[in-house]
Amino acid sequence: MSLYIGLMSGTSLDGVDGVLVDFWGGAARTMAAAYTPFPDDLRAELMALQSAGDNELEREALAANRLAGLYAQCVAATLAQTEMKAADVRAVGVHGQTIRHRPELGFTRQTNNPALLAELCGIDVVADFRSRDVAAGGQGAPLVPAFHRDLFGQEGRTRVVANIGGIANISALHADGTTTGFDTGPGNVLMDAWIGRHQGRPYDADGAWAATGAVIPALLASLLAEPYFALPAPKSTGRDLFHPAWLDAQLARLPAAAPRDVQATLTELTAVSLARAIKQHAPRADAVYVCGGGACNGVLMRALARELGDAVKLETTDALGVAPNRVEALAFAWLAFRFNERLAGNLPAVTGAKGERVLGALYPR
Ligand SMILES: Nc1ncnc2c1ncn2[C@@H]1O[C@H](COP(=O)(O)OP(=O)(O)OP(=O)(O)O)[C@@H](O)[C@H]1O
Ligand SMILES: CC(=O)N[C@H]1[C@@H]2OC[C@@H](O2)[C@@H](O)[C@@H]1O[C@H](C)C(=O)O
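Residues numbered from 1 in each chain as written. Chains lettered and ligands numbered in written order. Predicted model: local features only at pLDDT ≥ 70, side-chain atom pairs only at ≥ 80, totals over all residues. Heavy atoms only, no water.

Participant: Would you explain the side chain of Thr158 in this entry?
Facilitator: Turning to its location among the elements, Thr158 is positioned in the loop between α5 (144–152) and β8 (159–164). A distance of 3.0 Å separates the side chain of Thr158 from the backbone nitrogen of Ala175, its partner in a polar contact. (Helix = DSSP H or I, 4+ residues; strand = E, 2+ residues; numbered from the N terminus. Polar contact = N/O pair within 3.5 Å; in protein donor to acceptor, adjacent residues only side chain to side chain.)

Structure (structure tokens):
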């Protein structure tokens, strides 16, 4: 066996997804999966750390220590479902929590304390996967397209994998074996912020609240005028750009709108920006497979299907045998596997890096 654990805590700031996976023989066999939600106060602190604040160096370090404790809990929860022990696992690949993403300034920061995680779980930890790609001139994101190619690619067919997390990103797995991909813009991040502000709920389950509203064409047009959407790839984004103040600035220029109509418009924004990106960059795609939490939003999925048209089959990655909420954690297990084999983790055609690089840094157990 070739066992790895992948841990992902993404831009939605909801919690940690963990998977235990066996890469023996070139396959990716999931042995166990676990989810460890963030306590409310840690979520609030991680949200606050997304922008400058008082004493943020110390606050970041303390939040990183608490994160490492939750990561260790998630590792224990995956192992507890199997006969496997820590000593059976070759490495944990851990993403950390993005608190800044500024590749144009030469850095991206995923806060974490991988040394503490190695200490707590007694397994080699591989962390900080994005910095090397940025050092090589790349965006440091998205990294999942290389894994999507490995797991879901099929010669002779063009498929797209669309992750709808806080931010949305696509991997276009072209029929000729090449792969492209980039962040298309907001996934759930704005919808979550808006329903949080108006209804005190963390997300719009199945898009039920959005379904009670109507899309506001003028607002949708003004949101889609954001220059990011028209930028050529390579490109990546995050909460640094798509945050509530960005939305408020657009709203301020238009007549007052009912909150439920704004929610409907934000849902539409995610669907339209994603569909446009797919149609422009993978016009030959006959199938789009969605992963990430957005796959659970029926209103969003129906809007995406409508925008893509009948010629494109829209399914979740369940149709390819992988649960949508496990794909990103699997990708970080795979990146740890690539690190251990000293194989490249990035795709320069996606990130814009000068070349292929081994990604990550090792914290031995
Ligand atoms: N039942 C549901 N209905 C609607 N939306 C849902 C549902 N379940 C989860 N989501 C959405 O999915 C989000 C979490 O998605 P996911 O875990 O894929 O994001 P992430 O990994 O944190 O983000 P990223 O991929 O940008 O790093 C939630 O914040 C919520 O908006
Ligand atoms: C900087 C950062 O954390 N980026 C995330 C984010 O969440 C989705 C999208 O934006 C993607 O670019 C990336 O995550 C996935 C795992 C990636 O690197 O492919």
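Participant: Looking at this model, I keep getting lost on the site of ligand 2. Mind explaining?
Facilitator: Surveying the vicinity of ligand 2 reveals 16 residues, the closest of which are Thr98, Arg130, Leu143, Val144 and Asp183. Contacts to ligand 2 include Arg130, whose side-chain N or O atom sits 2.6 Å from an oxygen atom. A distance of 2.9 Å is found between an oxygen atom of ligand 2 and a backbone nitrogen or oxygen belonging to Val144. Contributions of two or more residues to the shell around ligand 2 are made by β5 (97–102), β9 (167–173) and α11 (327–340). Within the shell around ligand 2, the residues separate by chemical class into seven nonpolar, six polar and three charged. (Near = heavy atom within 4 Å. Nonpolar A, V, L, I, M, F, W, Y, C, P; charged D, E, K, R; others polar.)

Participant: Honestly, the site of ligand 1 in this entry has me stumped. Any pointers?
Facilitator: In the vicinity of ligand 1, 21 residues are found, and the nearest of them are Thr11, Asp192, Asp206, Gly293 and Glu328. At 3.3 Å from a nitrogen atom of ligand 1 is found a main-chain nitrogen or oxygen belonging to Cys296. Across the shell around ligand 1, the residue classes tally to five nonpolar, 11 polar and five charged. In terms of domain composition, the shell around ligand 1 takes at least three residues from each of domain 1 (3–142 + 326–363) and domain 2 (147–320). (Domains from an automatic or database assignment.)

Participant: Explain helix α10 (residues 298–308) here, please?
Facilitator: For an α-helix, 3.6 residues make a turn, and residues three or four places apart therefore share a direction. Those residues of α10 that fall on the buried side of the exposure criterion are Gly298, Leu300, Met301, Ala303, Leu304 and Leu308. Looking at the packing, one finds that the buried side of α10 touches β8, α6 (189–199), α9 (259–281), β11 (287–291) and β12 (313–316). (Buried < 20%, exposed > 50% of the residue type's maximum accessible area, 1.4 Å probe, protein only. Contact = heavy atoms within 4.5 Å.)

Participant: Just to check I follow, could you spell out the UniProt feature "binding site: ATP" (unreviewed entry) in the protein for this structure?
Facilitator: Residues annotated in UniProt with the feature "binding site: ATP" (unreviewed entry) correspond here to Gly10, Thr11, Ser12, Leu13, Asp14, Gly15, Val16 and Asp17. Following the sequence through the fold, Gly15 ends up in strand β2 (residues 15–22). Excluding residues that lie within four positions of it along the chain, Gly15 makes contacts with Met8, Ser9, Gly10, Tyr35, Thr36, Pro37 and Phe38. If you trace the backbone, Asp17 turns up in strand β2. Owing to a relative accessible area of 21%, Asp17 belongs among the partly exposed residues under this scheme. In contact with Asp17, other than residues within four places in its own chain, are Gly6, Leu7, Met8, Ala34, Tyr35, Cys74, Asn325 and Ala329. (UniProt positions renumbered as here; feature names shortened; annotations may be inferred.)

Participant: Would you take a moment to explain the domain arrangement of the protein for this structure?
Facilitator: By a widespread convention, an interface's size corresponds to the accessible area lost as its parts come together. If you check the domain split of the protein, you get domain 1 (3–142 + 326–363) and domain 2 (147–320). Each of domain 1 and domain 2 has a C-alpha centre, and these two points are 24 Å apart. Across the contact, 23 residues belong to domain 1 and 24 residues belong to domain 2. Of the roughly 1800 Å² buried at the junction of domain 1 and domain 2 (both faces included), carbon and sulfur atoms supply 60%. The largest contributions to the domain 1 side of the interface with domain 2 come from Thr11, Val327 and Trp334, which together make up 30% of the buried area. (Buried area = accessible area lost by both parts, 1.4 Å probe.)

Participant: Hey, could you run me through the environment of Met31 in this one?
Facilitator: With respect to the element layout, Met31 can be found in strand β3 (residues 29–37). C-alpha of Met31 to C-alpha of Val125: the two residues are 94 residues apart in sequence and 19 Å apart in space. Ignoring sequence-local partners within four residues, the contact set of Met31 consists of Met1, Leu3, Leu20, Val21, Asp22, Thr82 and Met84.

Participant: Looking at this structure, how should I read the sheet that holds β11?
Facilitator: Pairing is mixed across the open sheet formed by five strands, whose spatial order is β10-β9-β8-β11-β12. Only two strands of the sheet have a single partner each, and these edge strands are β10 (179–186) and β12. Mean inter-strand twist for the sheet, computed between neighbouring axes without regard to direction, equals 20°. Docked against the sheet, α9 engages β8, β9, β10 and β11, running at close to 160° with respect to β10. (Pairing = 2+ DSSP bridges. Axes fitted to C-alpha atoms, helices over the stretch in contact; angles between N-to-C directions.)

Participant: Is there a simple way to think about the environment of Asp14 in this case?
Facilitator: Topologically, Asp14 is positioned in the loop between β1 (3–8) and β2. Residue class for Asp14 comes out partly exposed when judged on its relative accessible area of 34%. Between the C-alpha atoms of Asp14 and Ala162, which are 148 residues apart in sequence, the distance is 19 Å. Residues contacting Asp14, with those up to four places away along its chain left out, are Tyr35, Pro37, Phe38 and Arg43.

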